[in-house]
Structure formats: C-alpha cells, structure tokens
Amino acid sequence: MMFSGVRPVFSSLSRHLCQTTAVANSASSRHFQISRSASGTDGRMENQVRHDVDKNAFLLDVNGGNEPAELVYNWISDDVIDFHHTGVPAELQGKGIAKILAKAGLDFAVEKNLKVILSCTYMAKYVADNPKPEYTRLLFKKCKQ
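All values derive from a computational prediction rather than experimental measurement.

Parameters and conventions
- Residues numbered from 1 in each chain as written.
- Predicted model: local features only at pLDDT ≥ 70, side-chain atom pairs only at ≥ 80, totals over all residues.
- Heavy atoms only, no water.
- Helix = DSSP H or I, 4+ residues; strand = E, 2+ residues; numbered from the N terminus.
- Buried < 20%, exposed > 50% of the residue type's maximum accessible area, 1.4 Å probe, protein only.
- Polar contact = N/O pair within 3.5 Å; in protein donor to acceptor, adjacent residues only side chain to side chain.
- Pairing = 2+ DSSP bridges.
- Right-handed = clockwise from strand over helix to strand, strands pointing away.
- Arc of directions from axis to C-beta.
- Contact = heavy atoms within 4.5 Å.
- Axes fitted to C-alpha atoms, helices over the stretch in contact; angles between N-to-C directions.
- Parallel < 35°, antiparallel > 145°, perpendicular 65-115°, else oblique.
- Nonpolar A, V, L, I, M, F, W, Y, C, P; charged D, E, K, R; others polar.
- pLDDT = per-residue confidence, 0-100.
- Phe/Tyr/Trp six-rings, centres within 6.5 Å; stacked < 30°, edge-to-face > 60°.

(A) Representation of the side chain of H51. By the element assignment, H51 lies in strand β4 (residues 49-52). Look at H51 and you get buried, because its relative accessible area is 2%. A polar atom in the side chain of H51 sits 2.6 Å from the side chain of Y73.

(B) Examining the pairing of strand β8 (residues 115-118) more closely. Note: strand β7 (residues 80-87) against β8, four bridges, orientation parallel. When the bridges of β8 are listed, I81 appears paired with V116. Read from β7 through helix α2 (residues 97-111) to β8, the crossover connection turns out right-handed.

(C) Helix α3 (residues 121-129), seen in detail. Buried within α3 are the following residues: M123, Y126 and V127. Each buried residue of α3 lies within a common arc of 95° when the element is viewed along its axis, so the set occupies one face. Set apart from the buried face of α3 by more than 90 degrees, the exposed residues are T121 and A128. Check the buried side of α3 and you find it contacts β6 (69-77), β7, α2, β8 and α4 (133-136).

(D) Structural context of the packing of α2 against α3. Contact geometry of α2 with α3 gives a least axis separation of 10 Å together with a crossing angle of 80°. On the basis of the axis angle, α2 is roughly perpendicular to α3. The residues of α3 that touch α2, namely those facing A98, K99, A102, K103 and L106, are Y122, M123, Y126 and V127. By residue class, the composition of the contact of α2 with α3 is seven nonpolar, no polar and two charged.

(E) Structural context of the confidence of the model for the protein chain. Looking at the protein chain, the pLDDT average stands at 73 and 63% of residues meet or exceed 70. Per-element mean pLDDT across the protein chain ranges from 23 in strand β2 (residues 19-25) up to 98 in β7. Within the model, the stretch residues 1-43 combines pLDDT values under 50 with 98 contacts to residues more than four positions away or in other chains.

(F) Quick look at the packing of aromatic side chains. According to the stated counting rule, one finds five aromatic pairs in the structure shown. An angle of 85° between the planes, with centres 5.8 Å apart, marks the rings of Y73 and W75 as edge-to-face. Of the residues examined, Y73 reaches a relative accessible area of 1% and is grouped as buried. Under the relative-accessibility criterion, W75 is labelled partly exposed at 38%. Where Y73 meets F83, the ring centres are 6.2 Å apart and the plane angle is 75°; that geometry is what we call edge-to-face. With Y73 in strand β6 and F83 in strand β7, this pair connects stretches of sequence that are ten residues apart. Residue Y73 shares its accessibility class with F83, and that shared class is buried. Through a chain of ring-to-ring contacts, the aromatic side chains of F58, Y73, W75, F83 and F108 assemble into a single cluster.

(G) Focus on the environment of L101. Structurally, L101 can be placed in helix α2. Once residues lying within four places of it in the same chain are set aside, the contact partners of L101 are V49, F58, L59, L60, A69, E70 and L71.

(H) View of the pairing of β4. Of the two faces of β4, the one lined by V49 and H51 and the one lined by R50 and D52 are each fully buried. Relative to strand β5 (residues 57-60), β4 runs antiparallel, the two sharing four bridges. When the bridges of β5 are listed, R50 appears paired with L59. Linking β4 back to β5 in an antiparallel pair, the connection comprises four residues, with N56 at a positive phi of about 50°.

If you want it as structure tokens, here you go:
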C-alpha cells in the first residue's frame, strides 16, 4: 500500500512522560523496555512490553508462552510510522493485552514526535475509544490527489 500524498492532520505534538531504557543489546536485535505507571491495567504486564527495533515490533511475553503478543509496524519515512498488525495468542484474547501494546506503541510515537498511520483496525479502534489529544495529534490521513 502506497502512502503518497499523506499529510499530518495536526502539525504539533504533545509530549508524554514515558521513560524508555535500554535493557539489552545483542548482535541480532536491540530491545527496549517500556516503563510507565499503569492506568487501569496490570502494571507488571505493562512493564514487560519490549520494543524490538530490528523486528519493527512491540512485544509482550504473556504467561510464559512461546508466542508473544505483538504490535507490528513499518516505517513510512523517518518521522511516519504505520501500525499495521496487532496479534494476541488466541487463548489470551479479550484480556486487555492488545490495549497494553497499543498504548506502548502510541506512547513511543508521542515520545519520538512521530506521525502515525493506523492500518491496524484494532489500533484505529483504540484511538477512537481513547481520543487523547496526545494520540489524535499524531494521526495522518490520506489526501485526495
């Protein structure tokens, strides 16, 4: 899918307090722990979200499972990110795990001053259900040519 003719809906972004600290570096991947205070979710689970920049994904290991929950994105440009897939193992769906990943991804975009495309239907629903100014200011929309 091409995103030519994309422009920001709003030009400025709010800063959001979010502390990101590097937790591991290996030859094959870099991971970052996303830490913040919990707001209506299990803080212990939120603190386990890791940002794997080599895989373009936010990952959450849940219940010691082999398959982490994930929020996957693509870089459209240096300052535009497209969140295109949220995946949660079937046995864990409906437990708020995708919500934790959505918040981590959007908080990262706010912190890095990125513009956001929400190709993932869950991400679009999350922003619609949580219309915080710091999130809605991030949104890009397609322009008619």
